[in-house]
Amino acid sequence: MSEPLRIAIIGAGVAGAILARRLARLPQLSVTCLERVGPNDHSEAGTGLNVGPNAIKALTRCDPALAEAVVQQSLQWHRWQVALADGTPLFDLPLAQVADNDGIRIRWSELYRILRGGAGDAIRYGCEITSVGPSARNEHQTRVCWTENGTAHELDGIDLLIGTDGRYSVTRAAFSGLPQPRHVGVTILRALVEDTSGGLVDDYAQWFNRHHRLLAFRVPPNHVYIAGTYPIESGAAIPEDWKSPEAMRRAFLPADGREAAAAVRWLVDALCAHAADSHWARMQESEPRFTEPERQVLYLGDSAHGMAPTLGQGATQAMEDASAAALLIEAAVKAGRLNVREWLQTIESVRAERIRFAMELSVRATDTMLQGADPVAGARWKTEPAFLDDLSRLFRDVALGQPT
């Protein structure tokens, strides 16, 4: 047997951990996955997320056992409900109407624990990348240097380098530079709080007070994820005075004499109580890029395509990316097709159109959060056949390059 192809994965996030687990099983490949944090350190992933039905569908096709492990530690996502802040319903969409299976609700930290644990020894922890760049051995290969437990390491002659190291990817920055972010015009604050709502909050729901939106859902073991949005001029800094409890109450509670719904009152109280430790960011997206033209480099997840989180497609598309790449690479290897450039071309051809569609739909669905938006009109068009058809395409038509 010839020497195995060298595969290096930078970052054991969602895409990196899924890919490391699958590819490490192939004897034709030597897989090294480098992760910065320790094996039990998931503290940076402190909030919750909803994972779309399309991710669960893709992961089930790629790795049924891993998908089952994720689902078992989650709550199912059955419905999408939207109302005004006073509780007036705008729509109630069962996901079964637009998807073949449920999505899930889970904490980021728990998802990382399951995915990284599933990859086992394929992941090396506590690795601080010191340099990434071209290899001197071959015009298509790459080289990575890192420190691990105080010791310097180097891997040269890498046949396929996979950057799954997030929106600020050092891998992508080394070869083509980080993309310029496109700001969507919305600021989002996030918090994960203990569930003391007494059942007021459960499945995925949203409440609008003019153009301000509250989103919340319950996650195991006994927590509620809350996200609030504020319109903001593209590229502007987030005003510090928005972060006070008083400003949060003005943003999310009706000021026209209407009584806020009980769930909204509880959510606003919870946000105010956690004002000091909430996470704030501007919604943004970036130009997709899956491969490099010369070097054998692949980007997946946020490294390839930062996207607006409106439809919960960030981690979701990372799962789709990894599932597609794992299945396509495995099929090529087992068929004896070891031309890495052909792998890259196939992955890009399968994923590029799919990602652009998901990104465009996510931005389009952000309309109700922009300055001066009318949430009633914005909710109405999302109940019409054109949007529901697009949502069905998003949730059902995963692009894995494999037979359905």
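Quantities reported herein were computed from a predicted structural model and do not represent experimental measurements. (Residues numbered from 1 in each chain as written. Predicted model: local features only at pLDDT ≥ 70, side-chain atom pairs only at ≥ 80, totals over all residues. Heavy atoms only, no water.)

## Some thoughts on the overall build of the chain
Check the secondary structure of the chain and you find eleven helices and 18 strands. Taken along its principal axes, the extent of the C-alpha atoms in the chain is 75 × 45 × 35 Å. Residue pairs at least 24 apart in sequence account for 73% of intrachain contacts in the chain once pairs closer than 6 positions are excluded. Carbon and sulfur atoms form 48% of the exposed surface of the chain, whose accessible area is close to 16,300 Å². A distance of 1 Å separates the average location of the 41 positive side-chain charges in the chain from that of its 49 negative side-chain charges. (Helix = DSSP H or I, 4+ residues; strand = E, 2+ residues; numbered from the N terminus. Contact = heavy atoms within 4.5 Å. Areas by Shrake-Rupley, 256 points an atom, 1.4 Å probe, with all protein chains shown as cover. Lys, Arg positive; Asp, Glu negative; His and termini not counted. Charge placed at Lys NZ, Arg CZ, Asp CG, Glu CD.)

## Remarks on the sheet that holds strand β3 (residues 48–51)
Across the sheet, which stays open at both edges, the three strands sit in the order β3-β7-β4 with antiparallel pairing between neighbours. The sheet terminates laterally at β3 and β4 (75–77), the two strands that pair on one side only. For this sheet the average axis-to-axis angle between neighbouring strands, irrespective of direction, equals 30 degrees. Where β4 meets strand β7 (residues 103–107), three bridges bridge the pair, whose relative direction is antiparallel. (Pairing = 2+ DSSP bridges. Axes fitted to C-alpha atoms, helices over the stretch in contact; angles between N-to-C directions.)

## Thoughts on helix α1 (residues 14–23)
By the criterion of burial, α1 is predominantly enclosed, with ten of the ten residues buried. Along α1, the positions that sit buried rather than exposed are Val 14, Ala 15, Gly 16, Ala 17, Ile 18, Leu 19, Ala 20, Arg 21, Arg 22 and Leu 23. (Buried < 20%, exposed > 50% of the residue type's maximum accessible area, 1.4 Å probe, protein only.)

## Notes on the packing of helix α2 (residues 53–62) against helix α8 (residues 314–334)
A pair of packed helices is characterised by two quantities: the angle between their axes and the separation of those axes. Running from amino to carboxyl end, α2 crosses α8 at an angle of 25 degrees, the nearest separation of the two axes being 8 Å. With respect to α8, the axis of α2 lies roughly parallel. Crossing of α2 against α8: the hand is left-handed. Within the contact between the two elements, α2 uses Asn 54, Ala 55, Ala 58, Leu 59, Arg 61 and Cys 62 and α8 uses Thr 316, Gln 317, Met 319, Glu 320, Ser 323, Ala 326 and Leu 327. Grouping the amino acids of the contact of α2 with α8 by side-chain chemistry returns seven nonpolar, four polar and two charged. (Parallel < 35°, antiparallel > 145°, perpendicular 65-115°, else oblique. Left-handed = near helix turned anticlockwise from the far one by under 90°. Nonpolar A, V, L, I, M, F, W, Y, C, P; charged D, E, K, R; others polar.)

## Re the packing of helix α3 (residues 64–72) against helix α4 (residues 108–119)
As a packed pair, α3 and α4 sit with axes 10 Å apart at the nearest point and diverge in direction by 155 degrees. In this view, α3 runs roughly antiparallel relative to α4, as classed from their interaxial angle. In the packing of α3 onto α4, the handedness of the crossing is right-handed. Each of Leu 66, Ala 69 and Val 70 in α3 lies in contact with α4, whose residues at this interface are Leu 111, Ile 114 and Leu 115. Residues that form the contact of α3 with α4 fall into these classes: six nonpolar, no polar and no charged.

## A closer look at the packing of aromatic side chains
Summed over all chains, the structure comprises twelve aromatic pairs. On the basis of an interplanar angle of 45 degrees and a centroid distance of 5.1 Å, the ring pair of Phe 217 and Tyr 225 is categorised as tilted. Under the relative-accessibility criterion, Phe 217 is labelled buried at 0%. One aromatic cluster is present, formed by Trp 77, Trp 80, Phe 91, Tyr 204, Phe 217, Tyr 225, Trp 381, Phe 387 and Phe 395 through successive ring pairs. Stacked on the ring of Tyr 299, the Lys or Arg Arg 172 has its end atom at 6.0 Å from the ring centre. (Phe/Tyr/Trp six-rings, centres within 6.5 Å; stacked < 30°, edge-to-face > 60°. Lys NZ or Arg CZ within 6 Å of the ring centre and 35° of its normal.)

## A closer look at the state of the cysteines
Overall, the coordinates contain zero disulfides when judged by the stated rule. Here Cys 62 is not disulfide-linked; the sulfur of Cys 33 is the nearest cysteine sulfur, at 15 Å. (Disulfide = S-S within 2.5 Å.)

## With respect to the pattern of salt bridges
Following the criterion strictly, the structure yields 30 salt bridges and no others. For Glu 240, the salt bridge is made with Lys 243, and the minimal N-O distance between the two is 3.2 Å. With a relative accessible area of 58%, Glu 240 lands in the exposed category. Residue Lys 243 is classed as partly exposed on the basis of its relative accessible area, which comes to 26%. Notably, a salt bridge pairs Arg 258 with Asp 256, separated by 2.9 Å at the nearest N-O pair. When its relative accessible area of 32% is taken as the criterion, Arg 258 is described as partly exposed. Taking the relative accessible area as the measure of exposure, Asp 256 reaches 52% and is therefore exposed. (Salt bridge = Lys/Arg side-chain N within 4 Å of Asp/Glu carboxyl O.)

## Structural notes on the sheet that holds strand β8 (residues 123–124)
Strand order across the open sheet formed by five strands is β8-β2-β1-β12-β18, with parallel pairing between neighbours. Because the sheet does not close on itself, it has two edges, and the strands there are β8 and β18 (297–299). Sheet topology note: the strand β1 (residues 5–10)/strand β2 (residues 29–34) ladder contains six bridges and is parallel. Bridged to Ile 10 within β2 is Leu 34. The strands touched by α1 within the sheet are β1, β2, β8 and β12 (160–163), with β2 carrying the most contacts at an inclination of about 155 degrees.

## Remarks on empty space enclosed by the protein
Going through the model one piece at a time under the given rule, you end up with two cavities of 30 Å³ or more. Here the largest cavity is characterised by a volume of approximately 90 Å³. Contributing to the lining of the largest cavity are 14 residues, with Trp 80, Gln 206, Phe 208, Thr 368 and Lys 382 lying nearest its centre. Every element with two or more residues in the lining of the largest cavity is listed here: β5 (79–84), β14 (205–209) and α10 (375–381). Considering only residue class, the lining of the largest cavity consists of eight nonpolar, four polar and two charged. When its volume is computed, the second largest cavity comes out at roughly 30 Å³. Taken together, Trp 77, Trp 80, Tyr 204, Thr 310, Leu 311, Leu 391 and Phe 395 make up the full set of residues lining the second largest cavity. (1 Å grid on protein atoms, 1.4 Å probe; cavity = no way out; pocket = protein on both sides within 12 Å on 5 of 7 lines; lining within 4 Å. Points joined across faces, edges and corners; volume = space filled by probe spheres on them.)

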